[in-house]
Amino acid sequence: MGGFGEIRMGRDYTPTFWNTTVYDPFGTNGIGQARTPGMTGTMWNVAVNAGATATPKLTVPAVPFATGQAVRANNSVSYFLPNLGGVTGQVMMAFGENVSGGAKTNNYLGARFGYAAGPVSTHLSFGKTKGGGSAAINVGGVVLPALSGSDTDVKYLNFGASFDAGFIKPMMQIDEEKVGSGGKIRGILLGGVAPVGSGEVRFAYSKVKSTANSDLGFSQLSAGYVHNLSKRTAVYATYAHISNKALSNVAVSNNGLSPANWSAKLGGNSSGLEMG
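Residues numbered from 1 in each chain as written. Predicted model: local features only at pLDDT ≥ 70, side-chain atom pairs only at ≥ 80, totals over all residues. Heavy atoms only, no water.

A. Inspection of the overall build of the chain at higher detail. Counting its regular elements, the chain contains two helices and 16 strands. Here the chain holds 276 residues, and 45% of them are scored as buried. Sequence-distant contacts in the chain: of pairs separated by 6 or more residues, those separated by 24 or more amount to 56%. With the model as given, the accessible surface of the chain reaches about 13400 Å², and the carbon-plus-sulfur share is 59%. (Helix = DSSP H or I, 4+ residues; strand = E, 2+ residues; numbered from the N terminus. Buried < 20%, exposed > 50% of the residue type's maximum accessible area, 1.4 Å probe, protein only. Contact = heavy atoms within 4.5 Å. Areas by Shrake-Rupley, 256 points an atom, 1.4 Å probe, with all protein chains shown as cover.)

Take a look at the structure:
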(Lines give C-alpha, C1' and ligand atoms only; values in the text may rest on other atoms or scores of the structure.)
Protein backbone atom coordinates (compact mmCIF):
# COMPACT_ATOMS: atom_id res chain seq x y z
CA MET A 1 0.00 0.00 0.00
CA GLY A 2 1.10 3.58 -0.60
CA GLY A 3 0.17 6.74 -2.41
CA PHE A 4 -1.20 4.70 -5.29
CA GLY A 5 -3.70 2.94 -3.04
CA GLU A 6 -3.73 -0.63 -1.73
CA ILE A 7 -3.58 -4.09 -3.26
CA ARG A 8 -4.80 -7.20 -1.43
CA MET A 9 -4.57 -10.84 -2.47
CA GLY A 10 -6.12 -14.01 -1.03
CA ARG A 11 -9.39 -14.78 0.68
CA ASP A 12 -11.15 -11.52 1.49
CA TYR A 13 -14.51 -9.81 1.83
CA THR A 14 -16.20 -8.99 -1.47
CA PRO A 15 -17.15 -5.41 -2.42
CA THR A 16 -20.82 -6.41 -2.48
CA PHE A 17 -20.63 -7.68 1.10
CA TRP A 18 -19.33 -4.45 2.58
CA ASN A 19 -22.58 -2.47 2.24
CA THR A 20 -24.56 -5.22 3.96
CA THR A 21 -22.38 -5.03 7.08
CA VAL A 22 -21.29 -1.36 7.19
CA TYR A 23 -24.86 -0.10 6.94
CA ASP A 24 -26.40 -2.65 9.32
CA PRO A 25 -26.67 -1.45 12.96
CA PHE A 26 -25.81 -5.00 14.05
CA GLY A 27 -22.94 -5.42 11.59
CA THR A 28 -24.06 -8.86 10.29
CA ASN A 29 -23.42 -10.30 13.75
CA GLY A 30 -25.94 -11.90 16.09
CA ILE A 31 -29.64 -12.47 15.68
CA GLY A 32 -30.35 -8.80 14.98
CA GLN A 33 -28.58 -8.74 11.60
CA ALA A 34 -30.68 -8.15 8.51
CA ARG A 35 -29.75 -11.49 6.86
CA THR A 36 -29.19 -9.79 3.50
CA PRO A 37 -25.91 -11.59 2.62
CA GLY A 38 -26.78 -14.67 0.56
CA MET A 39 -30.47 -13.81 0.29
CA THR A 40 -30.96 -16.32 -2.51
CA GLY A 41 -29.60 -19.07 -0.27
CA THR A 42 -32.04 -18.13 2.48
CA MET A 43 -34.99 -18.20 0.11
CA TRP A 44 -33.85 -21.51 -1.43
CA ASN A 45 -34.24 -23.15 1.98
CA VAL A 46 -37.70 -21.66 2.06
CA ALA A 47 -38.51 -23.08 -1.38
CA VAL A 48 -37.29 -26.56 -0.42
CA ASN A 49 -39.34 -26.70 2.76
CA ALA A 50 -42.40 -25.20 1.14
CA GLY A 51 -42.06 -27.65 -1.74
CA ALA A 52 -42.39 -30.59 0.61
CA THR A 53 -45.38 -29.30 2.58
CA ALA A 54 -47.27 -26.75 0.52
CA THR A 55 -50.65 -27.50 -1.06
CA PRO A 56 -50.38 -27.75 -3.99
CA LYS A 57 -46.73 -28.76 -3.80
CA LEU A 58 -44.19 -26.65 -5.60
CA THR A 59 -42.84 -28.42 -8.67
CA VAL A 60 -40.07 -25.97 -9.55
CA PRO A 61 -37.77 -23.92 -7.33
CA ALA A 62 -39.46 -20.64 -6.53
CA VAL A 63 -35.98 -19.14 -6.30
CA PRO A 64 -32.83 -20.79 -7.70
CA PHE A 65 -30.09 -21.41 -5.17
CA ALA A 66 -26.70 -19.72 -5.19
CA THR A 67 -24.64 -18.17 -2.43
CA GLY A 68 -21.30 -17.84 -4.23
CA GLN A 69 -19.18 -15.01 -2.77
CA ALA A 70 -22.06 -13.66 -0.69
CA VAL A 71 -19.47 -12.74 1.96
CA ARG A 72 -15.92 -13.75 0.94
CA ALA A 73 -14.09 -14.83 -2.20
CA ASN A 74 -11.10 -17.14 -2.55
CA ASN A 75 -8.14 -16.49 -4.86
CA SER A 76 -8.96 -12.81 -5.08
CA VAL A 77 -7.04 -9.71 -6.11
CA SER A 78 -8.41 -6.33 -4.96
CA TYR A 79 -7.42 -2.74 -5.55
CA PHE A 80 -8.47 0.05 -3.17
CA LEU A 81 -8.33 3.72 -4.11
CA PRO A 82 -6.07 6.03 -2.06
CA ASN A 83 -7.53 8.85 0.02
CA LEU A 84 -9.27 11.14 -2.48
CA GLY A 85 -11.01 13.62 -0.20
CA GLY A 86 -13.63 11.17 0.94
CA VAL A 87 -14.11 9.29 -2.34
CA THR A 88 -13.52 5.58 -1.77
CA GLY A 89 -13.53 2.60 -4.08
CA GLN A 90 -12.65 -1.06 -4.43
CA VAL A 91 -12.45 -3.41 -7.40
CA MET A 92 -12.08 -7.17 -6.92
CA MET A 93 -11.48 -10.10 -9.24
CA ALA A 94 -11.53 -13.65 -7.84
CA PHE A 95 -10.51 -16.74 -9.77
CA GLY A 96 -12.66 -19.86 -9.57
CA GLU A 97 -11.44 -23.42 -9.39
CA ASN A 98 -12.24 -26.54 -11.43
CA VAL A 99 -14.86 -28.87 -10.01
CA SER A 100 -16.20 -32.27 -11.03
CA GLY A 101 -16.63 -32.44 -14.80
CA GLY A 102 -14.04 -29.78 -15.45
CA ALA A 103 -16.39 -26.82 -15.06
CA LYS A 104 -14.83 -23.74 -13.49
CA THR A 105 -17.05 -22.08 -10.91
CA ASN A 106 -17.01 -19.04 -8.66
CA ASN A 107 -15.21 -16.55 -10.88
CA TYR A 108 -16.15 -13.22 -9.26
CA LEU A 109 -15.93 -9.63 -10.45
CA GLY A 110 -17.24 -6.78 -8.33
CA ALA A 111 -16.74 -3.15 -7.36
CA ARG A 112 -17.79 -0.65 -4.69
CA PHE A 113 -17.62 3.12 -4.93
CA GLY A 114 -18.85 5.92 -2.71
CA TYR A 115 -18.13 8.79 -0.37
CA ALA A 116 -17.32 8.79 3.33
CA ALA A 117 -16.24 11.98 5.09
CA GLY A 118 -17.48 13.70 8.23
CA PRO A 119 -20.98 12.53 9.15
CA VAL A 120 -21.91 11.35 5.63
CA SER A 121 -21.31 7.88 4.22
CA THR A 122 -22.87 6.36 1.10
CA HIS A 123 -21.77 3.56 -1.25
CA LEU A 124 -23.03 1.60 -4.25
CA SER A 125 -21.70 -1.86 -5.07
CA PHE A 126 -22.31 -4.47 -7.73
CA GLY A 127 -20.86 -7.84 -8.63
CA LYS A 128 -21.28 -11.12 -10.44
CA THR A 129 -20.33 -14.71 -9.59
CA LYS A 130 -20.19 -17.24 -12.41
CA GLY A 131 -21.36 -20.76 -11.73
CA GLY A 132 -22.72 -20.66 -8.18
CA GLY A 133 -25.70 -22.97 -8.89
CA SER A 134 -27.06 -26.15 -7.36
CA ALA A 135 -27.55 -29.83 -8.03
CA ALA A 136 -31.03 -31.36 -8.29
CA ILE A 137 -32.78 -31.89 -4.95
CA ASN A 138 -35.68 -34.25 -4.20
CA VAL A 139 -37.74 -33.21 -1.19
CA GLY A 140 -40.83 -35.23 -0.35
CA GLY A 141 -41.21 -36.28 -3.99
CA VAL A 142 -40.83 -32.73 -5.23
CA VAL A 143 -37.87 -32.49 -7.62
CA LEU A 144 -36.14 -29.14 -7.73
CA PRO A 145 -34.03 -29.38 -10.91
CA ALA A 146 -30.34 -28.61 -11.17
CA LEU A 147 -29.22 -25.33 -12.64
CA SER A 148 -26.64 -25.14 -15.41
CA GLY A 149 -24.82 -22.67 -17.61
CA SER A 150 -25.73 -19.01 -17.20
CA ASP A 151 -28.62 -19.95 -14.90
CA THR A 152 -26.02 -20.56 -12.18
CA ASP A 153 -24.63 -17.02 -12.37
CA VAL A 154 -25.41 -14.71 -9.46
CA LYS A 155 -25.71 -10.94 -9.80
CA TYR A 156 -25.56 -8.60 -6.81
CA LEU A 157 -26.50 -4.95 -6.45
CA ASN A 158 -26.78 -2.93 -3.26
CA PHE A 159 -26.76 0.62 -1.95
CA GLY A 160 -26.19 1.89 1.57
CA ALA A 161 -26.09 5.23 3.37
CA SER A 162 -25.75 6.65 6.87
CA PHE A 163 -25.58 10.05 8.56
CA ASP A 164 -24.02 10.60 11.99
CA ALA A 165 -26.03 13.36 13.64
CA GLY A 166 -24.30 12.87 16.99
CA PHE A 167 -27.32 11.94 19.06
CA ILE A 168 -28.32 9.29 16.49
CA LYS A 169 -26.87 7.65 13.39
CA PRO A 170 -29.63 6.55 11.01
CA MET A 171 -28.70 4.11 8.25
CA MET A 172 -30.33 2.29 5.38
CA GLN A 173 -29.53 -0.23 2.69
CA ILE A 174 -31.21 -1.68 -0.39
CA ASP A 175 -30.09 -5.08 -1.69
CA GLU A 176 -30.90 -7.18 -4.74
CA GLU A 177 -29.72 -10.63 -5.86
CA LYS A 178 -30.63 -12.58 -8.95
CA VAL A 179 -29.66 -16.08 -10.10
CA GLY A 180 -29.68 -16.72 -13.86
CA SER A 181 -33.06 -15.99 -15.42
CA GLY A 182 -34.93 -16.61 -12.15
CA GLY A 183 -36.74 -14.10 -10.01
CA LYS A 184 -34.98 -11.48 -7.94
CA ILE A 185 -34.61 -11.38 -4.19
CA ARG A 186 -34.88 -7.88 -2.79
CA GLY A 187 -34.11 -6.64 0.69
CA ILE A 188 -34.39 -3.31 2.47
CA LEU A 189 -33.20 -2.16 5.89
CA LEU A 190 -33.97 0.96 7.91
CA GLY A 191 -32.26 1.36 11.26
CA GLY A 192 -29.86 3.27 13.41
CA VAL A 193 -27.52 3.52 16.37
CA ALA A 194 -28.01 5.99 19.24
CA PRO A 195 -25.38 6.61 21.95
CA VAL A 196 -26.72 6.48 25.51
CA GLY A 197 -24.17 7.24 28.22
CA SER A 198 -21.47 4.55 28.10
CA GLY A 199 -23.44 2.42 25.68
CA GLU A 200 -25.55 2.53 22.56
CA VAL A 201 -29.00 1.45 21.45
CA ARG A 202 -29.29 -0.39 18.12
CA PHE A 203 -32.49 -0.93 16.15
CA ALA A 204 -33.48 -2.05 12.67
CA TYR A 205 -36.41 -3.07 10.52
CA SER A 206 -35.66 -5.21 7.47
CA LYS A 207 -37.69 -6.95 4.80
CA VAL A 208 -36.79 -9.58 2.21
CA LYS A 209 -39.08 -10.65 -0.63
CA SER A 210 -39.08 -12.62 -3.87
CA THR A 211 -40.30 -11.22 -7.18
CA ALA A 212 -40.99 -14.80 -8.35
CA ASN A 213 -43.58 -15.56 -5.67
CA SER A 214 -45.37 -12.99 -3.50
CA ASP A 215 -45.83 -15.61 -0.75
CA LEU A 216 -42.05 -15.96 -0.30
CA GLY A 217 -40.59 -13.39 2.04
CA PHE A 218 -40.29 -12.19 5.60
CA SER A 219 -39.83 -9.09 7.72
CA GLN A 220 -37.66 -8.69 10.79
CA LEU A 221 -37.62 -6.25 13.70
CA SER A 222 -34.50 -6.07 15.86
CA ALA A 223 -33.51 -4.06 18.94
CA GLY A 224 -30.47 -4.23 21.16
CA TYR A 225 -28.25 -2.48 23.67
CA VAL A 226 -24.48 -2.56 24.13
CA HIS A 227 -22.93 -1.24 27.35
CA ASN A 228 -19.19 -0.57 27.33
CA LEU A 229 -17.50 -1.54 30.60
CA SER A 230 -14.07 -0.52 29.23
CA LYS A 231 -12.29 -0.08 25.91
CA ARG A 232 -12.05 -3.87 25.61
CA THR A 233 -15.14 -5.21 27.38
CA ALA A 234 -18.87 -4.80 26.79
CA VAL A 235 -22.12 -6.48 27.75
CA TYR A 236 -24.96 -6.69 25.26
CA ALA A 237 -28.48 -7.97 24.68
CA THR A 238 -30.46 -8.26 21.45
CA TYR A 239 -34.05 -9.22 20.66
CA ALA A 240 -35.26 -10.11 17.15
CA HIS A 241 -38.66 -11.08 15.75
CA ILE A 242 -39.37 -12.46 12.26
CA SER A 243 -42.79 -12.57 10.57
CA ASN A 244 -43.02 -14.94 7.58
CA LYS A 245 -45.25 -14.83 4.53
CA ALA A 246 -47.40 -17.84 3.65
CA LEU A 247 -44.65 -20.00 2.07
CA SER A 248 -41.72 -18.83 4.19
CA ASN A 249 -40.29 -20.46 7.31
CA VAL A 250 -37.25 -18.33 8.10
CA ALA A 251 -36.16 -18.30 11.75
CA VAL A 252 -33.88 -16.05 13.77
CA SER A 253 -30.27 -17.17 13.40
CA ASN A 254 -26.81 -16.12 14.53
CA ASN A 255 -24.61 -16.93 11.52
CA GLY A 256 -25.78 -20.53 11.49
CA LEU A 257 -25.69 -21.02 15.27
CA SER A 258 -29.29 -22.03 15.86
CA PRO A 259 -31.30 -24.78 17.58
CA ALA A 260 -31.53 -28.09 15.71
CA ASN A 261 -35.21 -27.44 14.91
CA TRP A 262 -34.47 -23.96 13.61
CA SER A 263 -37.23 -23.81 10.96
CA ALA A 264 -40.32 -21.84 11.81
CA LYS A 265 -43.74 -22.99 10.62
CA LEU A 266 -44.75 -21.92 7.13
CA GLY A 267 -46.25 -18.49 7.50
CA GLY A 268 -45.34 -18.48 11.17
CA ASN A 269 -43.24 -16.26 13.40
CA SER A 270 -39.87 -16.68 15.06
CA SER A 271 -38.24 -14.70 17.85
CA GLY A 272 -35.04 -14.87 19.83
CA LEU A 273 -33.10 -13.22 22.64
CA GLU A 274 -29.32 -13.22 23.02
CA MET A 275 -26.99 -11.72 25.60
CA GLY A 276 -23.35 -11.96 26.48
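B. Highlighting the pairing of strand β15 (residues 234-244). The sheet contact formed by strand β14 (residues 217-228) and β15 spans eleven bridges and is antiparallel. When the bridges of β15 are listed, S219 appears paired with S243. With antiparallel pairing between neighbouring strands as the criterion, β14 and β15 make up a hairpin whose turn holds five residues. (Pairing = 2+ DSSP bridges.)

C. Region of the structure containing the environment of G110. Secondary-structure assignment places G110 in strand β6 (residues 107-117). Along the backbone, G110 and A94 are 16 residues apart, and their C-alpha atoms lie at a distance of 8.9 Å. In this view, G110 contacts P15, Q90, V91, M92, F126 and G127; residues no more than four positions away in its chain are not counted.

D. Representation of the sheet that holds strand β2 (residues 72-80) within the structure. Spatial ordering of the open sheet is given by β1-β2-β3-β6-β7-β10-β11-β12-β13-β14-β15-β16, a layout of twelve strands whose pairing is antiparallel. Each of the sheet's edge strands pairs with one partner strand only, and the pair in question is β1 (6-13) and β16 (269-275). When the angles between neighbouring strand axes are averaged without regard to direction, this sheet yields 15°. Looking at chain direction, strand β12 (residues 184-196) and strand β13 (residues 199-210) are connected through twelve bridges and run antiparallel. (Axes fitted to C-alpha atoms, helices over the stretch in contact; angles between N-to-C directions.)

E. Structural view of the environment of V252. Mapped onto the elements of the fold, V252 is located in the loop between β15 and β16. We classify V252 as buried; its relative accessible area is 14%. Through-space distance from the C-alpha of V252 to that of H241 is 7.2 Å; in sequence the pair is eleven residues apart.

F. Up close: the nonpolar core. Counting nine residues, the largest nonpolar core is built from I31, M39, I185, V208, F218, A240, I242, V250 and V252. Formed by seven residues, the second largest nonpolar core is a distinct cluster that contains A73, M92, A94 and V154. (Core = buried A, V, L, I, M, F, W, Y, C linked by side-chain atoms within 4.5 Å.)

G. Geometry of unusual backbone geometry. Even without glycine at this site, T28 takes up a positive phi of about 55°. Assignment of secondary structure puts T28 in the loop between α1 (15-22) and α2 (39-53). The phi dihedral of N75 falls on the positive side, at around 50°, and the residue is not glycine. Counting through the fold element by element, N75 comes out in strand β2.

H. Representation of the layout of surface pockets within the structure. When its volume is computed, the second largest pocket comes out at roughly 240 Å³. Along its surface, the second largest pocket is lined by 14 residues, and F80, T88, G89, R112 and H123 are the ones closest to its centre. Counting only elements with at least two residues in the lining of the second largest pocket, the list comes to α1 and β3 (87-94). The greatest single-element share of the lining of the second largest pocket, amounting to four residues, is contributed by β3. (1 Å grid on protein atoms, 1.4 Å probe; cavity = no way out; pocket = protein on both sides within 12 Å on 5 of 7 lines; lining within 4 Å. Points joined across faces, edges and corners; volume = space filled by probe spheres on them.)

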